[in-house]
Amino acid sequence: MRTKYKPWAKPYLDEHPSISLSKDAFLGMKDYYLEIGSGKGKFICDMASMYPDKTFVGIEKNVTVSGMCCKKIVESGLKNAFLYFDFIEKVIDEMKDNTVEGIFLNFSDPWPKERHTKRRLTNQNLMTKYYRVLKKDGHLYFKTDNEDLFNFTIESLRESPFKIINLNPKYDQLDEFDAITEYEENFREEKKNIYRLVLQK
């Protein structure tokens, strides 16, 4: 369900530049974990809380949801969680090679219509770019409730240098280096199937 527009969100982002990063600040970061589509911030805050020695950055394209995520980070008091408000497609070409420790793709929009294939966050073009920005031995973690997107993602790996570390079509537990998103809480309560891939550069 689409989140209702909140007029306070953009001003809130602007008022917290230490958390809501500028483009230059985001592009200047290194040795961090990137969540693409950070939503309202539960996942990134939980991961940052569990792993205080690691840095986590969320990128989110929706201004209202970005504001909610930023507010959650600010109120948590976490010093190792940050947010960048933009589309990953608009900034990834400017990101430096070998700077990201890991990438999380959690319940991305499946864009089910065939004509929208290029908008899926696991299309071959983006997967190639994820590989470039990841550090050597870095990981990409992918979770979805959509079987078609899961199969599409596997197909996108046919000519990819990524190594498949784990392929789980029934992810009903929780790995150590993982946290539950807002969507995932509902899916697990509904006993909905969750698919997961872990890839390594």
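Residues numbered from 1 in each chain as written. Predicted model: local features only at pLDDT ≥ 70, side-chain atom pairs only at ≥ 80, totals over all residues. Heavy atoms only, no water.

Trans is the prevailing form of peptide bonds, just as negative phi is the prevailing case for residues other than glycine. The residue Asn-98 is not glycine, and still its phi comes out positive at about 55°. You can see Asn-98 is positioned in the loop between helix H5 (88–91) and strand E4 (100–106). Since its relative accessible area comes to 43%, Asn-98 is described here as partly exposed. The backbone of Lys-191 shows a phi angle near 60°, a positive value even though the residue is not glycine. (Helix = DSSP H or I, 4+ residues; strand = E, 2+ residues; numbered from the N terminus. Buried < 20%, exposed > 50% of the residue type's maximum accessible area, 1.4 Å probe, protein only.)

On to empty space enclosed by the protein. Applying the stated criterion across every chain, the model contains one cavity of 30 Å³ or more. The space that makes up the largest cavity amounts to roughly 30 Å³. If you trace the largest cavity, you find it lined by Phe-26, Leu-27, Met-29, Tyr-32, Met-95, Lys-96 and Thr-99. Partitioned by chemical class, the residues of the lining of the largest cavity number five nonpolar, one polar and one charged. (1 Å grid on protein atoms, 1.4 Å probe; cavity = no way out; pocket = protein on both sides within 12 Å on 5 of 7 lines; lining within 4 Å. Points joined across faces, edges and corners; volume = space filled by probe spheres on them. Nonpolar A, V, L, I, M, F, W, Y, C, P; charged D, E, K, R; others polar.)

Here we come to the pairing of strand E7 (residues 195–200). Counting buried positions over the six residues of E7 gives six, a clear majority of the element. Bridge count for strand E5 (residues 134–144) against E7 is six bridges, and the pairing is antiparallel. Counterpart to Thr-144 in the pairing with E7 is Tyr-195. (Pairing = 2+ DSSP bridges.)

Summed over the entire model, instances satisfying the criterion amount to 15 aromatic pairs. Seen from their ring centres, Tyr-51 and Phe-177 are 4.9 Å apart, and the 65° between their planes marks the pair as edge-to-face. A residue pair is termed long-range when its members are at least 10 positions apart, and Tyr-51 in the loop between helix H3 (42–50) and strand E2 (56–60) and Phe-177 in the loop between strand E6 (163–168) and helix H8 (182–189) qualify at 126 residues. The same class applies to Tyr-51 and to Phe-177, which are both buried. (Phe/Tyr/Trp six-rings, centres within 6.5 Å; stacked < 30°, edge-to-face > 60°.)

A volume near 1,200 Å³ is recorded for the largest pocket. For the largest pocket, the lining is made up of 35 residues, of which Glu-60, Lys-61, Phe-107, Asp-109 and Tyr-183 are closest to its centre. Listed by contribution, the elements that provide at least two residues to the lining of the largest pocket are strand E1 (32–36), E2, H5 and H8. Here the lining of the largest pocket takes four residues from H8, the largest share from any one element. A per-class count over the lining of the largest pocket returns 13 nonpolar, 11 polar and 11 charged. Estimated volume of the second largest pocket: approximately 150 Å³. As for the second largest pocket, its lining consists of Lys-170, Tyr-171, Asp-172, Arg-188, Lys-191, Lys-192, Asn-193 and Ile-194. Considering only residue class, the lining of the second largest pocket consists of two nonpolar, one polar and five charged.

You can see Arg-196 is positioned in strand E7. A polar contact is formed between the side chain of Arg-196 and the side chain of Asp-175, at a distance of 2.4 Å. Other than its neighbours up to four places away in sequence, Arg-196 contacts Tyr-141, Phe-142, Lys-143, Phe-150, Asn-166, Leu-167, Asn-168, Tyr-171, Asp-175, Phe-177 and Asp-178. (Polar contact = N/O pair within 3.5 Å; in protein donor to acceptor, adjacent residues only side chain to side chain. Contact = heavy atoms within 4.5 Å.)

Take the packing of H3 against helix H4 (residues 63–76) next. Across the interface, H3 lies against H4 with an axial gap of 9 Å and an inter-helix angle of 25°. With respect to H4, the axis of H3 lies roughly parallel. As H3 runs across H4, the sense of the crossing is right-handed. Listed contacts from H4 to Lys-42, Ile-44 and Cys-45 of H3 are Cys-69, Lys-72, Ile-73 and Ser-76. Split by residue class, the contact of H3 with H4 holds four nonpolar, one polar and two charged. (Axes fitted to C-alpha atoms, helices over the stretch in contact; angles between N-to-C directions. Parallel < 35°, antiparallel > 145°, perpendicular 65-115°, else oblique. Left-handed = near helix turned anticlockwise from the far one by under 90°.)

This next bit is on the nonpolar core. Phe-26, Leu-34, Met-95 and Tyr-130 are the most contacted members of the largest nonpolar core, which has 34 residues in total. Looking at which element gives the most residues to this core, the answer is helix H6 (residues 124–133), with four residues. Not counting the four nearest positions on each side in its chain, Met-95 is found in contact with Phe-26, Leu-27, Tyr-32, Leu-34, Ile-88, Val-100, Arg-132 and Val-133. With 22 residues, the next largest nonpolar core counts Tyr-51, Phe-56, Ala-81 and Leu-83 among its residues. (Core = buried A, V, L, I, M, F, W, Y, C linked by side-chain atoms within 4.5 Å.)

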